[in-house]
Amino acid sequence: MAFDIMNSIDPREVIKLPLELIKPNKNNPYIKDEHLEKIIAIKASILDEGLNNPIVVEDTEDGYVINKGHSRYYAYQLINQEKILGYEEIECYIVHFDDEATSLRSLMRDNATQKERTVQDKCREVKLYLEKVIPTKQLIANDLGMSATAVQQLMSIIKNDNRVTEMFLNKKINLQGAYMIATSDYKDEVMEAMEKKTV
C-alpha cells in the first residue's frame, strides 16, 4: 500500500489516514444523495466540535475500505470541497475481517442503529444479505434490528421479481404495492401494465 502501516497496530489505536486513501464500502446500502441532509448536519457538528467518533476502516487488498462511518467520511469530503484546511486526514480505527460475510455483517449491524434508514435502505440491506451471507430470516432480523415479519415481506419482494424490487428501490411504488405485486399470481400482467404506463 502507498500508506505503510505497521502490522502490529492496536485495533483500538486511532490513526489518521488521508481521505484519498479511503474508499466507501461497495456493500453500503445507503445512497449518499438520499442522506445529504444528515451529512450536512454532521459536517456542521465536525466544524463546531471536531470528530467525536473515528471511522472504522478495513485494511483490504484494495486499500482502506470504510466499515463504519460513511456519513462522517462524506462530511469530511464536503469540508475539503470548501477548501477548509486541517481536514485532509480523518481519524480511523483499522480492523481486519476473516471474510466478506463477517465484514458485511459488521457494516449492517452498524447501519441498523441509524434512525434515518428508509424502507428502501432496509430492502437494500436484506438484498445484500441474501446475496452475500448464508441468511436465515431470523439472522437478518437480528442483525438489522427488524421484525421477522418485515424481513419476510422484503424477502418476498426481492426473491419474486427483480423488476418489482427495482421499482420499489427507485420509489416508483410503495412497500405495500411492491409486496402485493410480487406475491400476486398476476404479477407479470401488472408489471407489463405498469411498464407501459411509465413509457
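Residues numbered from 1 in each chain as written. Predicted model: local features only at pLDDT ≥ 70, side-chain atom pairs only at ≥ 80, totals over all residues. Heavy atoms only, no water.

Brief notes about the sheet that holds strand β4 (residues 63-68)
Applicable threshold: Strands qualify as paired when DSSP identifies two bridges or more between them. Runs of H or I in DSSP of at least four residues are treated as helices and runs of E of at least two as strands, each being numbered from the N terminus. By the convention used here, residues are in contact when the closest approach between their heavy atoms is within 4.5 Å. Lines fitted to C-alpha atoms define the axes here, with helix axes fitted over just the stretch in contact, and angles between the N-to-C directions of these axes take values from 0 to 180 degrees.
Reading across the sheet, the five strands line up as β1-β5-β3-β4-β2 and stay open at both edges, with mixed pairing between neighbours. Each edge of the open sheet is held by one strand with a lone partner, namely β1 (15-18) and β2 (22-23). Relative to β4, strand β3 (residues 55-60) runs antiparallel, the two being bridged by five bridges. Its bridge partner lying in β4, E58 is registered against V65. Lying on the sheet, helix α3 (residues 100-111) is in contact with β3 and β4; it crosses β4 at an angle near 45°.

Thoughts on helix α7 (residues 162-169)
Cut-off, in case you're wondering: Only protein chains enter the accessibility calculation, which uses a 1.4 Å probe; a residue whose area is less than 20% of its type maximum is buried, one above 50% is exposed, and one in between is partly exposed.
Within the span of α7, buried status applies to V164, T165, M167, F168 and L169. Phi turns positive, to about 60°, at K171, one or two residues after α7.

Some details on the nonpolar core
Our working rule: Among buried residues, the Ala, Val, Leu, Ile, Met, Phe, Trp, Tyr and Cys ones that are joined through side-chain atoms within 4.5 Å form a nonpolar core.
Core analysis: the biggest nonpolar cluster contains 27 residues, and V126, L154, V164 and F168 have the highest contact counts within it. Those elements giving two or more residues to this core turn out to be α3, α4 (119-132), α5 (137-144), α6 (148-160), α7 and α8 (175-182). Ranked by residues supplied to this core, first place goes to α6 with five residues.

A word on the pattern of salt bridges
As a reminder of what qualifies: The salt bridge definition used is simple: a Lys or Arg side-chain nitrogen within 4 Å of an Asp or Glu carboxyl oxygen.
Applying the stated criterion across every chain, the model contains eight salt bridges. The partner of E100 in a salt bridge is K26, with the nearest N and O atoms 3.8 Å apart. Taken together, the positions of E100 in helix α3 and K26 in the loop between β2 and α1 (36-49) put the pair 74 residues apart, joining distant regions of the chain. With relative accessibility at 70%, the residue K26 sits in the exposed group. Its salt-bridge partner being E131, residue K127 comes within 3.6 Å of it at the nearest N-O pair. Highlighted residues: K127 and E131, both in helix α4, separated by four residues, approximately one helical turn. Given a relative accessible area of 52%, E131 falls into the exposed group. Through salt bridges with shared partners, a single ionic network connects K26, E100 and K132.

Read these as layout, nothing more, since geometry by itself doesn't imply function.
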